[in-house]
Amino acid sequence: MQQAAIKLSQSFPKPRGSSSASLAQTDPQLATLLAQEEERQRLKVRLIASENYVSSAVREAGSSIITNQYSEGYPGARYYEGQQIVDQVERLAIERAKQLFGAEHANVQPHSGSPANLAVYLAFLKPGDTVLGMQLSHGGHLTHGSKASITGKYWNIVSYGLDPQTKRLDYDQIRRLAREHNPKLVIAGHSAYPRQLDFAAFRSIADEVGAILLVDMAHFAGLVAGGAHPSPVPYADVVTTTTHKSLRGPRGAMILCRAEHAAKIDKAVFPGLQGGPHNAITAAIATTLQEALQPEFAAYAAQCVANARALAAGLIDRGFELVTGGTDNHLVLVDLRNKGIGGKPVAAALDRAGLVTNYNAVPWDDHPPQNPSGLRLGSPSMTTRGFREAEFRKVSEWIGRVVDSGLDDEVIAEVASETRALCAVLPMP
Ligand SMILES: *Cc1c(COP(=O)(O)O)cnc(C)c1O
């Protein structure tokens, strides 16, 4: 071999500052915490409706070397050189998103679900314009106009809620509010509503008042991808989604829209709201979408719904009251008021029993949000681990034993050893 033409001023035994040593070597304190978190995820029955377990491939892409790259702009129109590869990665994610959801345009850059929604506000509204969205306390999201969110401070929000009898969406009420207030934007979507949405009804309401229809499918995007929930894409002007919930990808988001809105949406995300995209996340989204395009993902989505139904049926058998009396998606909302106990102590006790849930408001909750009357449960995570209906029936039995014991320490300890024993034999990516 020939001598290298360039003479180095010194030999470089290792890179300066950024080393190849492992995390365990450089930062054992953090490495220990991450190992503990892995154990927690392995040994607990995780029932948070918005969580999941991503594949090893998604984790690999999400922590890949492409994170070193800055890429303000869009493929073919960047403000930095060196985009030869990253442009292809982002185009791959975009094409797969369009294919999976049948969308005309996809933006895969929003850093998370809340900024994705904010980008839609920025694209179509001026501050002070009227927005019609679902009330937070009835299952809507903060970014649908809660007073605590920037959306509730900068825009004139009108909220719709549920029917007091059925606890289901009341489309007549939504239509009435739309006619009365003439919103520029109508938002459909939720974080805690256990039923499917009627997108055709939302479309006709938006059309009647000339509003843009945004469907925020953050929670149920995986079900839509797998064909276990109707798709909002044919009905909505814009669809936002997180990528990390039932879609089972990295923490990120996407905006799907009609071609006519593409330029507005892209401009709102960058430079409207963000700088550079998180390229490693874009890579992880690309491979998440490839996974979601496989036939096995349809089976996964169907199993998520079947499992949530089995959980709901088991809870009803144990005397629990469920909001709407059941579920047709991946989540179950338990109203604990007939059990005479608040959501917060129940969630804390269940966590000690190895069942991770979150306390949640129920519609017309007479308790404060810090200790509401509900418990939200979801099937996506444990369906990924391999749970089927029988295991979710078992989960309902465990929850019943803990609650009906009055959160007794001995019962909690018993259930904890059972949940741990079951989880210990389940594979985890
Ligand atoms: C989770 C969620 C979001 C926000 O997602 P973040 O990534 O936490 O910002 C937005 N909308 C709905 C309906 C959600 O459930």
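Residues numbered from 1 in each chain as written. Predicted model: local features only at pLDDT ≥ 70, side-chain atom pairs only at ≥ 80, totals over all residues. Heavy atoms only, no water.

Okay, helix H11 (residues 279–292) next. Here H11 spans 20 Å end to end across 14 residues, near enough to the 20 Å set by a 1.5 Å rise per residue. Within H11 the residues assigned to the buried category are Asn279, Ala280, Thr282, Ala283, Ala284, Ile285, Ala286, Thr287, Thr288, Leu289 and Ala292. (Helix = DSSP H or I, 4+ residues; strand = E, 2+ residues; numbered from the N terminus. Expected span 1.5 Å × (residues − 1). Buried < 20%, exposed > 50% of the residue type's maximum accessible area, 1.4 Å probe, protein only.)

Counting buried residues in strand E10 (residues 253–257) gives five out of five residues, a clear majority hidden from the surface. The alternating pattern of E10 places Ala253, Ile255 and Cys257 on one face and Met254 and Leu256 on the opposite face, and all of these are buried. Judged from the three bridges that link them, strand E4 (residues 105–107) and E10 form a sheet pairing that is antiparallel. The partner of Asn107 across the bridge, within E10, is Ile255. Two elements, strand E9 (residues 238–242) and E10, share five bridges in a ladder whose sense is antiparallel. What sits directly across from Val239, in E10, is Leu256. (Pairing = 2+ DSSP bridges.)

On to empty space enclosed by the protein. Summed over all chains, the structure comprises one cavity of 30 Å³ or more. As for the largest cavity, its lining consists of Val108, Gln109, Pro110, His111, Arg251, His278, Ile281, Thr282 and Ile285. Per-class residue counts for the lining of the largest cavity are four nonpolar, four polar and one charged. (1 Å grid on protein atoms, 1.4 Å probe; cavity = no way out; pocket = protein on both sides within 12 Å on 5 of 7 lines; lining within 4 Å. Points joined across faces, edges and corners; volume = space filled by probe spheres on them. Nonpolar A, V, L, I, M, F, W, Y, C, P; charged D, E, K, R; others polar.)

What follows covers the packing of helix H12 (residues 295–317) against helix H15 (residues 389–404). Remark: H12 packs on H15, axes separated minimally by 8 Å, with the N-to-C direction vectors making an angle of 35°. Like other packed secondary-structure pairs, H12 and H15 cross with a definite hand, here right-handed. Of the residues in H15, those touching H12 at Gln303, Ala306, Asn307, Ala310, Leu311, Ala313, Gly314, Leu315 and Asp317 are Glu389, Phe392, Arg393, Val395, Ser396 and Ile399. Split into classes, the residues belonging to the contact of H12 with H15 amount to eight nonpolar, four polar and three charged. (Axes fitted to C-alpha atoms, helices over the stretch in contact; angles between N-to-C directions. Left-handed = near helix turned anticlockwise from the far one by under 90°. Contact = heavy atoms within 4.5 Å.)

Taken together, 13 residues form the shell around the ligand, and within it Ser112, Ser114, Ser191, Asp216 and Lys245 come nearest. Within the backbone of Gly113, one N or O atom sits 3.0 Å away from an oxygen atom of the ligand. Ser191 has a polar side-chain atom sitting 2.8 Å from an oxygen atom of the ligand. Considering the ligand on its own, with 380 Å² of exposed area, one finds that the protein chains cover 86% of that surface. Taken atom by atom, the bulk of the ligand overlaps the largest pocket. When residues in the shell around the ligand are grouped by element, the largest group, three residues, is from helix H5 (residues 113–124). In the shell around the ligand, the residues fall into one nonpolar, 10 polar and two charged. (Near = heavy atom within 4 Å. Polar contact = N/O pair within 3.5 Å; in protein donor to acceptor, adjacent residues only side chain to side chain. Areas by Shrake-Rupley, 256 points an atom, 1.4 Å probe, with all protein chains shown as cover. Sits in = over half its atoms within 2 Å of the grid points.)

Below, the discussion takes up the nonpolar core. Of all hydrophobic cores here, the largest spans 53 residues; its most connected members are Phe101, Tyr160, Leu169, Phe202, Leu247 and Leu256. Of the residues forming this core, the biggest block, six residues, is contributed by helix H8 (residues 199–209). Both domains that meet at this core, namely domain 1 (61–292) and domain 2 (295–425), each give it at least three residues. In contact with Leu247, other than residues within four places in its own chain, are Leu100, Phe101, Ala221, Gly222, Ala225, Thr242, Met254, Thr288, Leu289, Ala292 and Phe297. Residues Phe320, Leu375, Val411 and Cys423 belong to the second largest nonpolar core, which totals 36 residues. (Core = buried A, V, L, I, M, F, W, Y, C linked by side-chain atoms within 4.5 Å. Domains from an automatic or database assignment.)

Our next topic: the domain arrangement of the protein chain. Under the domain assignment, the protein chain is made up of domain 1 (61–292) and domain 2 (295–425). One C-alpha centre belongs to domain 1, the other to domain 2; they are set 28 Å apart. In this complex, domain 1 contributes 27 residues to the contact, which on the side of domain 2 involves 25 residues. For the pair domain 1 and domain 2, the summed buried surface comes to about 2,100 Å²; carbon and sulfur atoms form 62% of the total. On the domain 1 side of the contact with domain 2, Pro194, Arg195 and Arg248 bury the most area, a combined 28% of that side's loss. Put simply, domain 1 and domain 2 have one salt bridge between them. (Buried area = accessible area lost by both parts, 1.4 Å probe. Salt bridge = Lys/Arg side-chain N within 4 Å of Asp/Glu carboxyl O.)

So, about the layout of surface pockets. Put simply, the largest pocket is a space of about 820 Å³. Lining the largest pocket are 48 residues, with Leu136, Gly140, His141, Leu142 and Ser191 positioned closest to its centre. Looking at the lining of the largest pocket element by element, the count peaks at four residues for H5. Lining the lining of the largest pocket are residues from two domains, each supplying at least three of them: domain 1 (61–292) and domain 2 (295–425). A volume near 660 Å³ is recorded for the second largest pocket. Taken together, 21 residues make up the lining of the second largest pocket; nearest its centre are Gln41, Asn52, Tyr53, Val54 and Arg59. Listing elements by their share of the lining of the second largest pocket, those giving two or more residues are helix H2 (28–43) and helix H3 (56–62). It is H2 that provides the largest number of residues to the lining of the second largest pocket, a total of five residues.

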